[in-house]
Amino acid sequence: MADFNEKFLDLKESYLFSEVAKRVSAFQQREPERSVIRLGIGDVTLPLGKTVVQALHSAADEMGRAESFRGYGPEQGYDFLREAIAGHYQSFGVKLDTNEIFVSDGAKSDTGNITDLFSKDNTVLIPDPVYPVYVDTNTMNGRKIVYINGTAENDFLPMPDRSVHADIIYICSPNNPTGACYNRAQLREWVNYALENDAVILFDSAYECFISDSDLPHSIYEIEGAERCAVEFCSLSKTAGFTGTRCGYTVVPKAITSKSANGMEMSLNKMWNRRQCTKFNGVPYIVQRAAAAVFSEEGMSEARAMIAHYMENAKVISDTMTEFGIRYTGGINSPYIWFECPFGMDSWQFFDFLLEKAGVVGTPGAGFGQNGNNWFRLTAFNNKENTVEAMRRFKELMK
Ligand SMILES: *Cc1c(COP(=O)(O)O)cnc(C)c1O
């Protein structure tokens with residue numbers, strides 16, 4: 001039997017969502033007549049837009065006719081989709097070559113797979129709290145991880161510490177779980193830090209479509225110099241309800257080079273292309289047609305309507321926090337509201353309290369890192385009626 005990768009032993013048991021499910025199901029067994037409202041959902045709930053569904057149908061029909069059937073497609077994605085994505089970037093003033101855009105089955109795979117390109121000796125800088133994928137994928141590879149603290153004091157937007165050297169930097173903005181979003185000046189500091197350190201920024205913009213504040217950057221490439229140090233990951237999962245349909249895209253600018261230990265330079269764009277051609281055979285044609293439909297005028301307006309619906313829920317939640325003077329981030333440019341647990345509770349105590357007293361399920365901040373120990377995440381992905389009812393119950397608790 002082959003030896004296994006012992007780095008897997010370093011992974012922390014990811015018990016967050018299973019523990020949440022266990023506690024909810026125990027509660028429901030104990031109190032079967034109580035209604036439970038789930039505001040812990042990290043998944044979209046609205047169906048795909050009409051335009052997207054039409055595109056799926058017509059692409060399926062094409063696949064069923066000899067003259068328009070398609071087999072293996074380009075590993076990087078079809079040009080029609082890469083061009084549509086480039087057009088989306090142009091809408092926020094970023095000019096990309098279609099060869100810098102790689103279509104994939106989602107941002108989760110790509111944020112993990114990108115680690116194939118970098119030495120295991122690199123040091124990785126990861127904010128805490130954060131989406132757990134960055135930590136786990138680098139742990140599997142045995143890389144050294146240093147954490148940077150997101151706290152109430154920095155509004156959960158940690159800034160570079162010049163006394164710390166890092167080679168790989170993860171940034172997620174707007175952030176999951178905190179909903180906090182970096183402004184231009186802050187991202188400029190990160191880009192400068194990366195350029196000074198010869199580091200690469202892995203920028204996760206999965207929630208860019210939730211940005212409502214017109215001054216906030218949707219893409220790191222809105223910052224000068226980022227094309228020399230940043231790779232960007234985005235996805236249609238949250239933008240257009242593609243969590244089950246699966247389509248994302250990664251931008252690897254041609255201007256980024258990475259050095260080997262002996263100083264040899266390699267193009268990251270070429271390396272990523274090589275990696276994808278070796279390990280990936282592309283996203284289904286049908287799905288790529290659906291994704292391209294998202295970027296059409298009607299598709300975008302349907303996506304915006306879905307996001308507006310979620311953001312109304314977000315406002316119901318954030319207004320409640322404001323009413324009680326509870327410290328929070330998010331809810332404006334993000335479907336997540338991240339707040340300090342009331343009554344000095346830690347996040348698991350508050351989880352139990354909210355479930356027992358109000359029948360409302362959220363996500364304990366501790367599941368996203370140490371700095372989340374006294375914080376809690378609610379999401380805007382339930383429907384309006386349930387969100388309003390959950391906040392009515394929340395207010396009762398706070399009296
Ligand atoms: C939901 C989410 C994604 C999207 O992942 P997919 O694999 O594209 O569904 C990426 N990053 C973060 C932080 C997310 O929360």
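Look a little higher up for the structure.
Residues numbered from 1 in each chain as written. Predicted model: local features only at pLDDT ≥ 70, side-chain atom pairs only at ≥ 80, totals over all residues. Heavy atoms only, no water.

Our focus in this paragraph is the site of the ligand. Around the ligand sit 13 residues, and of these D204, Y207, S235, S237 and K238 come closest. Measuring from an oxygen atom of the ligand, one finds a side-chain N or O atom of Y207 at 2.6 Å. When the free accessible area of the ligand is taken as 390 Å², the share hidden by the protein chains comes to 93%. Elements with a minimum of two residues in the shell around the ligand: α4 (107-113) and α7 (236-240). Residues of the shell around the ligand, tallied by class, amount to five nonpolar, four polar and four charged. (Near = heavy atom within 4 Å. Polar contact = N/O pair within 3.5 Å; in protein donor to acceptor, adjacent residues only side chain to side chain. Areas by Shrake-Rupley, 256 points an atom, 1.4 Å probe, with all protein chains shown as cover. Helix = DSSP H or I, 4+ residues; strand = E, 2+ residues; numbered from the N terminus. Nonpolar A, V, L, I, M, F, W, Y, C, P; charged D, E, K, R; others polar.)

Here we come to the packing of aromatic side chains. Enumeration over the complete set of coordinates arrives at 25 aromatic pairs. With a centroid separation of 6.3 Å and an interplanar angle of 70°, the aromatic rings of F350 and F394 are classed as edge-to-face. Pair noted here: F350 is in helix α11 (residues 347-358) and F394 is in helix α12 (residues 384-398), with a separation of 44 residues, a long-range link. Exposure class is identical for F350 and F394. Each is buried. (Phe/Tyr/Trp six-rings, centres within 6.5 Å; stacked < 30°, edge-to-face > 60°. Buried < 20%, exposed > 50% of the residue type's maximum accessible area, 1.4 Å probe, protein only.)

With that settled, the discussion passes to helix α8 (residues 268-279). Taking 1.5 Å of rise per residue, the twelve residues of α8 would be expected to cover 16 Å, and the 16 Å separating its terminal C-alpha atoms lies within 8% of that figure. At the N-terminal boundary of α8, the capping side chain belongs to S267, with an oxygen 3.3 Å from the backbone nitrogen of N269. (Expected span 1.5 Å × (residues − 1).)

A word on the sheet that holds strand β12 (residues 336-340). Backbone-to-backbone hydrogen bonds join strands into a sheet, with any given pair of strands oriented parallel or antiparallel. Reading across the sheet, the four strands line up as β11-β12-β15-β14 and stay open at both edges, with antiparallel pairing between neighbours. Looking at strand neighbours, the two that pair on one side only are β11 (328-330) and β14 (363-364), the edges of this open sheet. Where β11 and β12 come together, three bridges link them in antiparallel fashion. Paired with T329 across the strands is W338, a residue of β12. Of the strands in this sheet, β11, β12 and β15 (375-379) touch helix α10 (residues 297-323), which is tilted by about 15° from β12. (Pairing = 2+ DSSP bridges. Contact = heavy atoms within 4.5 Å. Axes fitted to C-alpha atoms, helices over the stretch in contact; angles between N-to-C directions.)

Here the focus is the pattern of salt bridges. Once their charged atoms are close, side chains differing in charge can pair, the charge on each being opposite to the other. Within this structure, the stated rule accounts for 19 salt bridges. Close ionic contact of E31 with R34 constitutes a salt bridge, the shortest N to O distance being 3.3 Å. Residue class for E31 comes out partly exposed when judged on its relative accessible area of 24%. Here R34 falls in the partly exposed class, since its relative accessible area comes to 27%. Between K254 and D97 there is a salt bridge whose closest N-O contact spans 3.2 Å. Taken together, the residues span a long stretch of sequence, with K254 in the loop between β8 (248-251) and β9 (257-259) and D97 in the loop between α3 (79-90) and β2 (101-104) at a distance of 157 residues. Shared partners join several salt bridges into a network, and the residues in it are E19, K22, R23 and D352. (Salt bridge = Lys/Arg side-chain N within 4 Å of Asp/Glu carboxyl O.)

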